[in-house]
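# Descriptive structure summary
This is what each chain is made of:
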Amino acid sequence: MATLFLHLLLLWLPSAFAGHNYGQALSKSILFFEAQRSGYLPGNQRVRWRANSGLNDGKASGVDLVGGYYDAGDNVKFGLPMAFTITMMSWSIVEYGKQLATSGELGHAMQAVKWGTDYFIKAHPQPNVFYGEVGDGITDHYCWQRPEDMTTDRRAYKIDKNHPGSDLAGETAAAMAAASIVFRRYNRAYSNLLLRHAKQLFDFADRYRGKYDSSITVARKYYQSYSGYADELLWAAAWMYKATNNQYYLNYLGRNGDSLGGTGWAMTEFGWDVKYAGVQVLVSKILMQGKAGRHSPVFQRYQQKAEFFMCSCLGKGSRNIQRTPGGLLFRQRWNNLQFVTSASFLLTVYSDYLASAGKTVNCASVNVSPSQLLNFAQSQVDYILGDNPRATSYMVGYGRNYPQQVHHRGSSIVSIKVNPSFVTCRGGYATWYGRKASDPNLLTGAIVGGPDAYDNFADERDNYEQTEPATYNNAPLLGVLARLNAGRRYNQLLEEEIPAPKKPIVTQPNPTPKPKTTPAPAKSSAPISVTQKVTSSWNAKGKTYYRYSIVITNKSAKKLSDVKLSISKLYGPLWGLTKSGSSSYILSSLPARKSLEFVYVHAASPAYITISSYRLG
């Protein structure tokens, strides 16, 4: 009878609990980055429902900022999370390059890194200048449009020595340094180029100190640097040491470990804002490699904090991370899985460091083996892939039951290649955002925000806390999935060369591709664009007034007529348009390839200006 019951139980269990195909999950997780690409898409683009976008980014500032990644379900290029994404993808390759090569995904992973570093090179035109954002969250969140249709403001925002951003410059230095290791064997010249940028960015971050969101204030509502910049300075120094083997950076970690918090902060999270746990794990590796030298006492204090993090994850420390009833690490309700994937990566690499050194972790007088750390990391990955009370995979396209209504503009709106009709700013909300149906485009490999503290999850597009994906959710998972798929480790304390990929790395093409004789692709951008900038300012009666210039451009070869604009949050006079309603304005016609300028004045941030409708031809 007991045998019959066990047989029936095994038949009842969902397939998600029968083990996972980590190789398939790895392939899908890398594919997600291709859906997040901005700029001119290459010929080897595999996510075919996407097309070119953001082709004028940086133009108004006199710099080429075409390329890079959209961070999540929106169309803004936020520098801090993008840099963290590239650092974590690079770290995955640095640690698990051989396993990625075995899985056949090394080339795709390197290509994903290069898409980001190519953009960072453009965004760093001078040693003490870095463009840290294109577009802004306020105007972007007002619209629901495909990236290919964007009519939102694409202003570029920068840091410089008078407007510093040590956290942003430091994280980007870390990304460039880590990526230089990735490309060292494959492309020495490119690796050296990345390292030159990394050195300049580290010097910029260290010499001109300040929080980036005090300089790029539009980022504050979306990616505020709550932890400050001290963690990024140490994080960058650790990666600079790994990339250069220069004692200056080792000494920097030793001298500044106490003053910048590396030895003091005992953390229970690791992510795009707070890097301390990552620094502590990197420094622990240096210590276990026997390279700490006279800094050993300081580095041991770093390691104590690294092991505090490990014990907290396992629930064996003095301050443990909360878990859901189903066993998932839980930090916050909004995009909690970002912390799960990053913690899983740290657990995995630290497990391999310990195993290579023949050591264990002591958690509150209980010895924890390396295999226990790895097994717990695997349990978190398995939860994400479907081993949870809902039997839901939180990776889109993996398994049988995964999110269908992802909070993502591109995936939720029909592809421009299927229907090239322009999707307006507010029209996207009316037609696509509230649509109670599966996304027309599968956002393969995306890790969404995930369940709440009680393992509950609502698959609804407007539930952005749970259904929005992000690049930094996926980046740490590359290394963990490669490790689990390979089923073996190498000596992680040896600095081994990353193998070269079998196929050439092809990323962003020339922005002016040669004409083809094949049928023309679907249009890659909206026929009308709106740019906005401040042209002057003055003080009067204690207030600062700004004159804003708005240029509407017809990019098509046909005349535009009955152009209707929606302008909100306008608190002053406007010249050059005919008003039609409380917040609507009419432009009778706009000839092909021509522009129209209008201006307004008020003592506030820019108004929200979007295209409501128009007729083409």
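Keep in mind the model is a prediction, meaning the values are calculated, not measured.

According to the domain assignment, the protein chain contains domain 1 (22-486) and domain 2 (528-616). The distance between the C-alpha centroids of domain 1 and domain 2 comes to 36 Å. Listed by partner, the interface residues are 12 residues for domain 1 and 14 residues for domain 2. For the domain 1 and domain 2 pair, buried surface summed over both sides reaches about 1100 Å², with 56% attributable to carbon and sulfur atoms. Broken down residue by residue, the surface that domain 1 buries against domain 2 is led by Tyr142, Thr151 and Arg155, which jointly contribute 43%.

What follows concerns the packing of aromatic side chains. Considering all chains together, one arrives at 28 aromatic pairs under this definition. Summarising the aromatic geometry, the rings of phenylalanine 78 and tyrosine 222 are spaced 5.9 Å apart at their centres and angled 35° between planes, so their arrangement reads as tilted. Pair noted here: phenylalanine 78 is in strand β1 (residues 77-78) and tyrosine 222 is in helix α9 (residues 220-223), with a separation of 144 residues, a long-range link. Exposure remark for phenylalanine 78: the relative accessible area of 2% places this residue in the buried category. Assessed through its relative accessible area of 21%, tyrosine 222 is described here as partly exposed.

Compared with an ideal rise of 1.5 Å per residue, which puts 14 residues at 20 Å, helix α2 (residues 22-35) spans 21 Å between its outermost C-alpha atoms and is within 8% of the ideal. Counting buried residues along α2, 12 of its 14 residues qualify, which places the element largely inside the surrounding structure. Every buried residue of α2 is accounted for by Tyr22, Gly23, Ala25, Leu26, Lys28, Ser29, Ile30, Leu31, Phe32, Phe33, Glu34 and Ala35. Contacts from the buried residues of α2 go to α3 (79-103), α4 (106-123), α15 (370-385) and α19 (471-486).

Enumeration according to the criterion identifies 19 salt bridges in this entry. Residues glutamate 34 and arginine 46 are paired through a salt bridge, measuring 2.9 Å at the closest nitrogen-oxygen approach. With glutamate 34 in helix α2 and arginine 46 in the loop between α2 and β1, this residue pair connects regions lying 12 residues apart in the sequence. Of the residues examined, glutamate 34 reaches a relative accessible area of 3% and is grouped as buried.

Criteria and thresholds
Residues numbered from 1 in each chain as written. Predicted model: local features only at pLDDT ≥ 70, side-chain atom pairs only at ≥ 80, totals over all residues. Heavy atoms only, no water. Domains from an automatic or database assignment. Contact = heavy atoms within 4.5 Å. Buried area = accessible area lost by both parts, 1.4 Å probe. Phe/Tyr/Trp six-rings, centres within 6.5 Å; stacked < 30°, edge-to-face > 60°. Helix = DSSP H or I, 4+ residues; strand = E, 2+ residues; numbered from the N terminus. Buried < 20%, exposed > 50% of the residue type's maximum accessible area, 1.4 Å probe, protein only. Expected span 1.5 Å × (residues − 1). Salt bridge = Lys/Arg side-chain N within 4 Å of Asp/Glu carboxyl O.

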